[in-house]
Amino acid sequence: MDLLPETARRVDALVARAQSEGRGPSVALGVVRDGSLAHLALAGDHPTPDADLQYRIGSISKTMTAVLVMQLRDAGRLSLDDPLDKHLPGTPVGALTVRQLLGHASGLQREPDGRWWERTEGADLATLVAGLTPEKIAHPPHHTYHYSNLAYGLLGGVLERITGTPWAELLRERILEPLGMLRTTYHPTEPYARGYVVHPWHDTLREEPRTDTGAMAPAGQLWSTVTDLARWAAFLADPAPDVLAPATLAEMCSPVVIDDANTWRSGRGLGLGLHREGERVYVGHGGSMPGYVATVEVHRPSRTGVVGFANSYGFRTGSLGALGLRVLTTVLDAEPVAAAQWRPATAPPPAEVAELTGRWWWMGTALDLSWDTDSGRLVAHRRGIEVTRFAPEGRDHWRGHGGEEDGEILTVLRDQTGQPVALDIATFVFTRTPDQEP
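The structure reproduced in this document is the subject of the present report. Because the structure is predicted, anything quoted here is derived from the model rather than measured.

## Quick look at the overall build of the chain
Reasoning step 1: What the chain contains, in helices and strands, is 12 helices and 21 strands.
Reasoning step 2: Computed over the C-alpha atoms, the radius of gyration of the chain is 25 Å, within 12% of the 22 Å expected from 2.2 N^0.38 for a compact globule of 438 residues.
Reasoning step 3: Considered along the principal axes of its C-alpha atoms, the chain spans approximately 85 × 60 × 40 Å.
Reasoning step 4: Burial statistics for the chain: of 438 residues in total, 50% are counted as buried.
Reasoning step 5: As presented, the chain carries roughly 19900 Å² of accessible surface, and 52% of it is formed by carbon and sulfur atoms.

## Overview of the environment of Glu-190
Reasoning step 1: The residue Glu-190 is located in the loop between α7 (167-176) and β4 (196-198) in this model.
Reasoning step 2: Note on Glu-190: relative accessible area 48%, which makes it partly exposed.
Reasoning step 3: When the C-alpha positions of Glu-190 and Gln-54 are compared, they lie 7.4 Å apart, and in sequence the two are 136 residues distant.
Reasoning step 4: Among the polar contacts made by the side chain of Glu-190, one reaches the side chain of Arg-194 at a distance of 2.8 Å.

## Comments concerning unusual backbone geometry
Reasoning step 1: For the peptide bond that leads from His-46 to Pro-47, omega is -5°, which places it in the cis range.
Reasoning step 2: Within the secondary structure, Pro-47 sits in the loop between β2 (36-44) and β3 (55-56).
Reasoning step 3: Phi is positive for Met-363, close to 50°, though the residue is something other than glycine.
Reasoning step 4: Position of Met-363 among the secondary structure elements: in the loop between β14 (358-362) and β15 (365-372).
Reasoning step 5: For Met-363, a relative accessible area of 62% puts it in the exposed group.

## Here's the deal with the side chain of His-87
Reasoning step 1: Relative to the elements of secondary structure, His-87 occurs in helix α3 (residues 84-87).
Reasoning step 2: Overall, His-87 belongs to the buried group, its relative accessible area being 10%.
Reasoning step 3: Within the local environment of His-87, its side chain forms a polar contact with the side chain of Asp-82, the two groups lying 2.9 Å apart.
Reasoning step 4: Those residues in contact with His-87 that sit more than four places away from it in its chain are Arg-77, Leu-78, Asp-82, Val-158, Arg-161 and Ile-162.

## Thoughts on helix α9 (residues 226-237)
Reasoning step 1: When the terminal C-alpha atoms of α9 are compared, their 16 Å separation across 12 residues agrees well with the 16 Å that a helix rising 1.5 Å per residue should span.
Reasoning step 2: Among the 12 residues of α9, 10 are classified as buried, and the element is accordingly described as predominantly covered.
Reasoning step 3: Among all positions of α9, only Val-226, Asp-228, Leu-229, Ala-230, Trp-232, Ala-233, Ala-234, Phe-235, Leu-236 and Ala-237 are buried.

## Side note on the sheet that holds strand β7 (residues 257-258)
Reasoning step 1: One open sheet accounts for eight strands, arranged β2-β1-β12-β11-β10-β9-β8-β7; its pairing is antiparallel. At either margin of the open sheet sits one strand with a lone partner, and together these are β2 and β7.
Reasoning step 2: Pairing of strand β8 (residues 266-268) with strand β9 (residues 273-277), which is carried by three bridges, proceeds in the antiparallel orientation. Pairing of Gly-267 across the sheet is with Leu-274, part of β9.
Reasoning step 3: Relative to the sheet, helix α1 (residues 5-22) contacts β1 (26-33) and β2, its axis offset from that of β2 by approximately 35°.
Reasoning step 4: Where helix α2 (residues 60-74) meets the sheet, it contacts β10 (280-289) and β11 (292-299), and its direction lies at approximately 115° from that of β10.

## Some details on the nonpolar core
Reasoning step 1: One finds Met-64, Leu-102, Leu-154, Ile-175, Trp-232 and Met-252 to be the most contacted residues of the largest nonpolar core, which totals 77 residues.
Reasoning step 2: Tallying contributions element by element places α9 first for this core, with nine residues.
Reasoning step 3: With residues up to four places along the chain from it excluded, the contact list for Met-64 reads Ile-57, Leu-171, Ile-175, Leu-176, Met-181, Leu-222 and Trp-232.
Reasoning step 4: Ala-18, Ala-43, Leu-325 and Val-327 belong to the second-largest nonpolar core, a separate cluster that totals 24 residues.

## As for the sheet that holds β4
Reasoning step 1: Strand order in the open sheet made by the three strands is β5-β4-β13, with mixed pairing throughout. At either end of the open sheet lies a strand with only one pairing partner, and these are β5 (205-207) and β13 (312-313).
Reasoning step 2: Examined bridge by bridge, β4 and β13 share two bridges and lie parallel to one another. The partner of Val-197 across the bridge, within β13, is Tyr-313.

## As for the packing of α2 against α7
Reasoning step 1: Here α2 crosses α7 at 75°, and the two axes come no closer than 10 Å. Looking at the two axes, α2 sits roughly perpendicular to α7. Residue-level contacts link Met-64, Thr-65, Val-67, Leu-68, Gln-71 and Leu-72 of α2 to Trp-167, Leu-170, Leu-171, Arg-174, Ile-175 and Leu-176 of α7.
Reasoning step 2: Grouping the amino acids of the contact of α2 with α7 by side-chain chemistry returns nine nonpolar, two polar and one charged.

## Description of the packing of aromatic side chains
The geometry of an aromatic ring pair is captured by the separation of the ring centres together with the interplanar angle, meaning the angle of the planes.
Reasoning step 1: Here the structure, examined in full by the defined rule, presents eight aromatic pairs.
Reasoning step 2: Pairing Trp-223 with Tyr-292 gives two aromatic rings, centres 5.1 Å apart and planes at 75°, and the pair type is edge-to-face. Of this pair, Trp-223 sits in strand β6 (residues 223-224) while Tyr-292 sits in strand β11; the two residues are 69 residues apart in sequence, bridging distant segments of the chain. Accessibility assignment for this pair places Trp-223 and Tyr-292 in one class, buried.
Reasoning step 3: One aromatic cluster in this structure is built from Tyr-192, Trp-223 and Tyr-292.
Reasoning step 4: Positioned above the aromatic ring of Tyr-152, the side-chain terminus of Lys-62 is 5.9 Å from the ring centre.

## Considering the pairing of strand β12 (residues 304-310)
Every regular strand shows the same layout, with side chains that alternate between the two sheet faces.
Reasoning step 1: The element β12 is extensively covered by neighbouring structure, given that seven of its seven residues are classed as buried.
Reasoning step 2: Side chains of β12 alternate between two faces, with Thr-304, Val-306, Gly-308 and Ala-310 and Gly-305, Val-307 and Phe-309 buried alike.
Reasoning step 3: Note that β1 and β12 share seven bridges and pair antiparallel. Paired with Gly-30 across the two strands is Val-307, which belongs to β12.
Reasoning step 4: Adjacent in sequence and paired antiparallel, β11 and β12 are bridged by four residues, among which Arg-303 carries a positive phi angle near 55°.

About the criteria used
Numbering of residues starts from 1 in every chain and runs along the sequence as written. The predicted origin of the model limits local features to residues at a pLDDT of at least 70 and limits the giving and counting of side-chain atom pairs to 80 or more, whereas totals for whole chains, interfaces and linings rest on all residues. Values shown for side chains rest on all heavy atoms present in the structure; no hydrogens or waters enter the calculation. Runs of H or I in DSSP of at least four residues are treated as helices and runs of E of at least two as strands, each being numbered from the N terminus. For the radius of gyration, the atom set is restricted to C-alpha positions; the globular benchmark scales as 2.2 Å times the number of residues to the power 0.38. Three exposure classes are used, based on accessible area relative to the maximum for each residue type with a 1.4 Å probe and protein chains only: buried under 20%, partly exposed in between, and exposed over 50%. The accessible surface values rely on the Shrake-Rupley method and a 1.4 Å probe; as for residues, cover is taken only from the protein chains in view. Residues adjacent in sequence count toward polar contacts only when both atoms are side-chain atoms; beyond that, a polar contact is any pair of N or O atoms within 3.5 Å, and within protein one must be able to donate a hydrogen and the other to accept it. We call two residues in contact whenever any of their non-hydrogen atoms come within 4.5 Å of each other. Given a helix with a known number of residues, its expected span is that number minus one, times 1.5 Å. Two strands pair if DSSP finds at least two bridges between them. Axes here mean lines fitted to C-alpha atoms, for a helix over just the part in contact, with angles spanning 0 to 180 degrees between N-to-C directions. Residues grouped as a nonpolar core are buried Ala, Val, Leu, Ile, Met, Phe, Trp, Tyr and Cys residues, joined through side-chain atoms within 4.5 Å. Throughout this description, any angle smaller than 35 degrees is read as roughly parallel, any larger than 145 degrees as roughly antiparallel, any in the 65 to 115 degree range as roughly perpendicular, and the remainder as oblique. Residues are grouped as follows: Ala, Val, Leu, Ile, Met, Phe, Trp, Tyr, Cys and Pro are nonpolar; Asp, Glu, Lys and Arg are charged; every other residue, Gly included, is polar. A pair of Phe, Tyr and Trp rings is counted when the ring centres sit within 6.5 Å of each other, with Trp represented by its six-membered ring. The angle between the planes then sorts it: under 30 degrees is stacked, over 60 is edge-to-face, the rest tilted. Distance and angle both matter: a charge sits over a ring if NZ of Lys or CZ of Arg is within 6 Å of the ring centre and within 35 degrees of the ring normal.

Shown next, in the form of structure tokens:
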């Protein structure tokens, strides 16, 4: 569904101003809603952008590498707590775990040794691994947030060692083709925007090299378009189960480390960045390579996202990501998602479920249980606010999904006649009246 005309006008104005003030040769930004590209905002004419023009996406490549890792975890081929040494044996940083590397919590230094990898032709995996030394660990694991491109080069090596398939081929087979992202490629494919550095004093353009980064490709090699990256944003909002289980993507969005300890506005999950804007949390990633900056940000509850590109390194607005966050907030403020229509249930719940619904008490605090026919779960509310949903796990046992009781067990306690008289939720016993002792 397209944006409303006034919302679209505001988005276009934000993009036009960013291109002007940031001196971007070309800027392209797309708004994604409910799995589709809802609006395309374009500015600049060097070259004239459109939805099919490729730009380099830089570190957004890491989000796809992370999904490949999680696919292997779900298939039982690795554990997130595996040490690196299990899959790349013999390195002096082998005690670092897959989870730490994914979440930028390993303390590993940011870049591999040698010349700046983003602007030079890359080496192979053996050369990357051979360059590791104990000094590459800048901080103890989980001591602090420390972004590491090197970590993702090593994760690409882990993927290749486990599957026997090069990272680029694995990516194409397991993500790009299933999601229809056929204009997302390892090397640029025409039409694509050339990338530039804008001279600070006389506004001339210096074209930047387009390198094959070799073993560091999983950290930032890819090229994509607004159309394709919109598909990726839609996936991050609501994943295709045949590519990645929705519960696994939700796990990727749980914080591993906070990266701004003073304000708590941003953090890192498993391969995804987390940004808090007011009461909303966005997930996504920024990207940059010489001559290019890119962004993808998604508000998962509303299935709304923003993707964007510019073809100048050091886009002077400070960050294309900041523009993306502002546009996403503008759209959500102007066009909040409509509440789902209520419909009556077609049948009452089973008798053994119906007897659990209603109000329960613990220490003078009420817990209301209702039944959701569509999901087949008990829904728990406190003061009218949903706190957890419980799914059945055998007779009289229910497991919490989401909220404060996520993963905890609800056990139904019955009297001698078989009537439910109490609920034990993680040792907290709820009774039918506030006068009963728990």
